[in-house]
Structures are given as structure tokens and as C-alpha cells.
Amino acid sequence: MNSFTYTRADSVEHAVDERVAETGARFIAGGTNLLDLMKETVEKPSRLIDITRLPMTSITETIEGGLRLGALVTNADTAYNKRVQERYPLLSQAILAGASPQLRNMATNGGNLMQRTRCYYFYDAATPCNKRQPGSGCSAIEGFNRIHAILGTHLFDQEGRALEPQCIATHPSDMCVALAALEAVVQVTGKYGERTIPFAEFHRLPGNTPHIDNALEPDELITAIDLPPNGFADNHMYLKLRDRASYAFALVSVAAGLELDGDTITNARIALGGVAHKPWRKPEAEALLVGKPTTQESFQAAADALLAGAQGYGANTFKIELAKRAIVRALGQAAKLEPTE
Ligand code: SF4
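About the cut-offs
Residues numbered from 1 in each chain as written. Predicted model: local features only at pLDDT ≥ 70, side-chain atom pairs only at ≥ 80, totals over all residues. Heavy atoms only, no water. Domains from an automatic or database assignment. Helix = DSSP H or I, 4+ residues; strand = E, 2+ residues; numbered from the N terminus. Buried < 20%, exposed > 50% of the residue type's maximum accessible area, 1.4 Å probe, protein only. Contact = heavy atoms within 4.5 Å. Axes fitted to C-alpha atoms, helices over the stretch in contact; angles between N-to-C directions. Parallel < 35°, antiparallel > 145°, perpendicular 65-115°, else oblique. Left-handed = near helix turned anticlockwise from the far one by under 90°. Nonpolar A, V, L, I, M, F, W, Y, C, P; charged D, E, K, R; others polar.

Engineer: Where do I start with the domain arrangement of the protein chain in this structure?
Structural biologist: Put simply, an interface is often sized by how much accessible area is lost when its parts join up. Structurally, the protein chain comprises domain 1 (1–53) and domain 2 (236–334). Relative to domain 2, the C-alpha centre of domain 1 lies at a distance of 36 Å.

Engineer: Explain the side chain of Thr 74 here, please?
Structural biologist: By secondary structure assignment, the location of Thr 74 is in the loop between strand E5 (67–70) and helix H3 (75–79). The class for Thr 74 is buried, based on a relative accessible area of 15%. Setting aside residues no more than four positions away along its own chain, Thr 74 makes contact with Arg 104, Asn 105, Ala 107, Thr 108 and Asn 109.

Engineer: Just checking my understanding: could you explain the packing of helix H5 (residues 89–96) against helix H8 (residues 175–182) for this structure?
Structural biologist: Each pair of packed helices can be described by the angle between their axes along with the distance between the axes. As a packed pair, H5 and H8 sit with axes 7 Å apart at the nearest point and diverge in direction by 160°. Comparing the axis directions of H5 and H8 gives the class roughly antiparallel. H8 is crossed by H5, and the crossing has right-handed handedness. Residues Leu 90, Leu 91, Ala 94 and Ile 95 of H5 touch H8, and the partners they reach there are Met 175, Ala 178, Leu 179, Ala 181 and Leu 182. By residue class, the composition of the contact of H5 with H8 is 9 nonpolar, no polar and no charged.

In C-alpha cells, the structure reads:
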């Protein structure tokens, strides 16, 4: 591990000022991913700015009727919060599907959004990786890519010709898949003040700059995540498919939320995890469900639309069919047509 200096911030403004003053500085809270990255020399911060004492540790009501999740509330405290469990059970389910109890006790909500891909090559400094070292190549495309992306990897030149993707990594979070389905909003503060980022715009596709994971400016700090009033509490499902029963990242996950009038769908949200560089949503696919009955045929049409254009790279091609089946199943479970166990 490289040497670094350490500062404990005593206010959000202090944290931002410290970050502005030193380009190589990084914020640290739970540290459940950053410390791994430092040990593997993927991240080499010159300074750690400890933000754990900042006043971002509560879950409060918003004036719109939703909940504001402080960035420093732990994943465990969020998942087991009574208001989250009652009004946003999809989010509780997703958080508890991720990591281990020990990690969820340490990891914070802001850190969950900031965690980086678990692509094996990204953590192996001996291999080419465009995300770790731009321009070096992508070892996963021709390598072992079972956990990698099938959506959003395409790259085209100005004439519309297909180019080799720069990166086929996936975002590893479960929590973020539910937040995408719920259309959460990320509150951030930087040197120019506060701003909000809609969740769909927070994480980005790799394009030509796979080393940039999200829309944050370098000096910006996540302070909270706002949940809108509609939590799809009556009809929801987080379905996670993985290589082992616990403590594994998703091969495919589905966060599904439905609003129903009888057996007619009036509103639908579907977000996928484990398939792209960011939680994957396609509003056109969700719109296909509105006004339709809760049938296998309706769910299959939405699944086909969501996976349109998907591309496998060998060891991960199975995910295309797996994702479609997972969507159909999760929607059936959200509609209470199938058991959830
Ligand atoms: Fe690096 Fe992305 Fe390729 Fe993995 S998929 S080796 S993170 S460029």
C-alpha cells in the first residue's frame, strides 16, 4: 500500500475544501471497497479525508412525502429501518441481498454508490485494463468474462461504425438497482454548492472513458439519497441470481415494482443489475406493461424489450436468456402470481 496522509473533516465544507486543495485526496467512510483498492494499488490516494463524523447519519422525511437517506447511514441501518421496510421494502430486500452482515454494518449508503466494479482484471495490476489504466486495453473481452456486461457496451465512431468496446465491466451494487427502480435522487455538495443528480444519470456507461464511473465532479461529496413517495410497497420484488447462495455478486438481478388495478398494470418499473456498467433501465420496456394484464405474455414482451441489443462475449452470453427469465419471474412475484421463496 502506498503511503498517504489523513485528515478528519469536521464539516461538509471542510471535507470539500480538503478535496479541492489536493487532487489526489479521497473521501473515506466505511472503506469497504476503497481499502481493498488501496491494498491492490488500484487506488493510490495521497490523502484520506475521513468523513465519518459529518452530520449525514439520519433518515428523515422529505417535504414531498419521501425519505432522505443520509449518506453515512450504514447499509444495515437503512435496510432494517422501520420506515424503509414498510414504505420501501424493495430497497430493504436489495440491500440485504448484498455483501455480508459484517460488510453491511460498515458500508455506508454514499459508499455503496461509489463502489467500483469487481472485474477481476481491474484488481490485477499486472493485466491491461482501460478502467484502471486508460488506453491499455480490456483483458475481459477476450478473457474470462462470466460476470461481465451484456448491455451498454457498444461503441460507435462518428460514421456509426461499430468499434471494439473499451470496457465490459458491471456495476456491482444491489442497493443501486433498487434505487434506480425507485427513481431516487442523489444530493451532492461541491465547491460550487449543492446540486441534485437523478439516479439514472448518476452512474454512466463506459463509452470512451471507462475510468469515469459516475457523474460526480472530483470535489463533490454525496450527502444524501432522496426516495420519492412511491415505494411500490404493495407489489415489488428484488430477485438476485448468483453463483452461490450468499456473499456473491449478481450474475443478474432484477428490481421490479408494479402498481395494479385488479390484474391490470397501471405503472411498472424494472431495473437490472449485473448486466451493465450501471443499473439498467429502459422506460420503453416498462411502458409496454402499462394497461396490460399481469400475464406471462406481458412480462415476456417487457423482458424481450429490455434485453434488445444485448451482446455476450463468450462466457457471459448465457446472461441474455437468464436475464429475460429473471425479469419474467420477478414481475410474476411482484404481481403475487408466484411464490417469492
Ligand atoms: Fe478493465 Fe473494464 Fe476490461 Fe474489466 S472490463 S478489464 S474493468 S476495461
